[in-house]
Amino acid sequence: MGSDPHSSPIGVFDSGIGGLSILRALRAELPHENFVYVADSAHAPYGERDDAHVIGRSRAITQQLLAAYGIKALVIACNTATAAAIQVLREEHPALAIIGVEPALKPAVALSQTRRIGVMATRGTLGRAKFRTLVDSLAGQADFICQPCDGLADAIEHQDTTKIIALCAHYTGAMGQFGINDGGIDTLVLGCTHYPFASVHLTQLVGPTVRLVDTGEPVARQTRRKLKTLSPSEVAGQCLLLTTGERASLQRAAHHWLGLACPVESLSI
Ligand code: DGL
């Protein structure tokens, strides 16, 4: 990707393939930028793990992206890692632009008519102080029905369709009635970057009138705003995909969801 600082890549990481939903939006918003994506699949899922694990992995990946690729910005394409580690990473790397993701509660409030909003996320995201602060900041504006979805990111990671459908049915069933009538949940926040890859199944379960809200586009716009230098190139940016897990599975997911046929390399950290 060259040593010109203007062509330095943007680093993006997630516990696995979920962050590809953010990379998809980043590539659409910033088509001339280069990206290095890390799927930490050998250490996934993050969502049911403690701070020590998630912060440790986030630090190691960030150090690697800086040392080996000279990234000019970092997108934490994972709600769980953002909630656990963004503060530590910002303290350790004050010169690096770091963009995190959080469940899209504010956009959901703007969209909802019934004022009943479902939030699907990992236990790790919903249980951390950062999420509680976000909910408190919107007190009185809507009811949030928050559902921890143990196992769902893992099922998506392994592209296990039977399990994905069963878990989506179980968790949406537990949240109550969906729909645009009074008392119904009319807006469903996908608070884990893996979940957009289950959108088709979720829409079948909750019905076509319920809006699904994810964070890809707002995060991509925020990344553009935070970049000190945009790539001066007019040619399409390149992507490099790295994984601590199986290369074939990241390659399959990137091809299937993003139409990306780019190199996938193994990463051992
Ligand atoms: N994709 C991640 C998130 O947004 C984490 C999924 C997991 O590893 O549990 O929270």
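Scope of this entry: the structure provided in the associated data block. (Residues numbered from 1 in each chain as written. Predicted model: local features only at pLDDT ≥ 70, side-chain atom pairs only at ≥ 80, totals over all residues. Heavy atoms only, no water.)

**Concerning the layout of surface pockets**
(1) Moving on: Roughly 340 Å³ of internal volume is contained in the largest pocket.
(2) Moving on: Taken together, 22 residues form the lining of the largest pocket, with Gly100, Glu102, Thr215, Pro218 and Val219 sitting closest to its centre.
(3) Moving on: Those elements giving two or more residues to the lining of the largest pocket turn out to be α3 (79-92), β4 (97-99), α4 (105-111), α6 (129-137) and α10 (216-226).
(4) Moving on: Considering each element in turn, the lining of the largest pocket owes the most residues, six residues, to α10.
(5) Moving on: Split by residue class, the lining of the largest pocket holds 11 nonpolar, four polar and seven charged.
(6) Moving on: There is about 210 Å³ of room inside the second largest pocket.
(7) Moving on: Considering the residues around the second largest pocket, the lining is formed by Ala25, Ala28, Glu29, Asp214, Gly216, Glu217, Pro218, Ala220 and Arg221.
(8) Moving on: Looking at the lining of the second largest pocket, the elements with two or more residues in it are α1 (20-29) and α10.
(9) Moving on: Counting residues per element, the lining of the second largest pocket draws most heavily on α10, at five residues. (1 Å grid on protein atoms, 1.4 Å probe; cavity = no way out; pocket = protein on both sides within 12 Å on 5 of 7 lines; lining within 4 Å. Points joined across faces, edges and corners; volume = space filled by probe spheres on them. Helix = DSSP H or I, 4+ residues; strand = E, 2+ residues; numbered from the N terminus. Nonpolar A, V, L, I, M, F, W, Y, C, P; charged D, E, K, R; others polar.)

**Digging into the sheet that holds strand β10 (residues 264-266)**
(1) Moving on: Across the sheet, six strands lie side by side as β4-β3-β1-β2-β9-β10; this open sheet has parallel pairing. Looking at which strands have only one partner, the edges of the open sheet turn out to be β4 and β10. Going from strand to strand, the sheet's axes swing by 20° on average, the running direction of each strand aside.
(2) Moving on: By the bridge criterion, four bridges tie strand β1 (residues 10-14) to strand β3 (residues 73-76) in an arrangement that is parallel. (Pairing = 2+ DSSP bridges. Axes fitted to C-alpha atoms, helices over the stretch in contact; angles between N-to-C directions.)

**Some words on the site of the ligand**
(1) Moving on: In the region of the ligand, 13 residues are neighbours, and Ser15, Tyr46, Gly47, Thr80 and His194 sit closest.
(2) Moving on: A distance of 2.7 Å separates an oxygen atom of the ligand from a polar atom in the backbone of tyrosine 46.
(3) Moving on: Here the ligand has 300 Å² of accessible area as a free molecule, and 99% of this is covered by the chains.
(4) Moving on: Taking a 2 Å distance to the grid points as the criterion, the majority of the atoms of the ligand fall inside the largest cavity.
(5) Moving on: Among the residues making up the shell around the ligand, the classes are represented as five nonpolar, seven polar and one charged. (Near = heavy atom within 4 Å. Polar contact = N/O pair within 3.5 Å; in protein donor to acceptor, adjacent residues only side chain to side chain. Areas by Shrake-Rupley, 256 points an atom, 1.4 Å probe, with all protein chains shown as cover. Sits in = over half its atoms within 2 Å of the grid points.)

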